[in-house]
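Listed here are the chains, written in short residue letters.
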Amino acid sequence: MRKFAAVPRHLPTSPFKARVEAPRKHFAVGDRVTHDTYGLGRTISVEGDIAVLVDFGSRQERITQPYTGMFKL
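Residues numbered from 1 in each chain as written. Predicted model: local features only at pLDDT ≥ 70, side-chain atom pairs only at ≥ 80, totals over all residues. Heavy atoms only, no water.

Colleague: Tell me about the packing of aromatic side chains, and name the residues and values.
Modeller: Taken as a whole and assessed by the stated rule, the structure comprises two aromatic pairs. Their ring planes at 85 degrees and their centres at 5.1 Å tell us that F27 and Y67 sit as a pair that is edge-to-face. With F27 in the segment before β1 (32-35) and Y67 in the loop between β4 (60-64) and β5 (70-72), this residue pair connects regions lying 40 residues apart in the sequence. Here F27 falls in the buried class, since its relative accessible area comes to 11%. For Y67, a relative accessible area of 1% puts it in the buried group. Taking the centre distance of 5.3 Å and the plane angle of 35 degrees together, the rings of Y38 and F56 count as tilted. Highlighted residues: Y38 in the loop between β1 and β2 (39-47) and F56 in the loop between β3 (51-55) and β4, separated in sequence by 18 residues. (Phe/Tyr/Trp six-rings, centres within 6.5 Å; stacked < 30°, edge-to-face > 60°. Helix = DSSP H or I, 4+ residues; strand = E, 2+ residues; numbered from the N terminus. Buried < 20%, exposed > 50% of the residue type's maximum accessible area, 1.4 Å probe, protein only.)

Colleague: Which residues make up the pattern of salt bridges, and what values go with them?
Modeller: For the coordinates displayed, the defined rule picks out four salt bridges. Residues R59 and E61 are paired through a salt bridge, measuring 2.8 Å at the closest nitrogen-oxygen approach. Taking relative accessible area as the criterion, E61 reaches 16% and is therefore assigned buried. (Salt bridge = Lys/Arg side-chain N within 4 Å of Asp/Glu carboxyl O.)

Remember that the coordinates give geometry; whether it matters functionally is a separate question.
What follows is the structure, encoded as structure tokens:
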């Protein structure tokens, strides 16, 4: 049997700050984007919340969640 690690809950009396989850990024077909590595591009395909296919002009790249380094313009 597999055991999964439980996410610890934040206690109100804790001296540590609660963990804040970053908002998820959502992209649609045709969105203009910029990527830290590949530069400017346009999304050409969206695979739900899993990945997006982006055309950067000279190449096409499949960028997966959490879309690190990619931002919508």
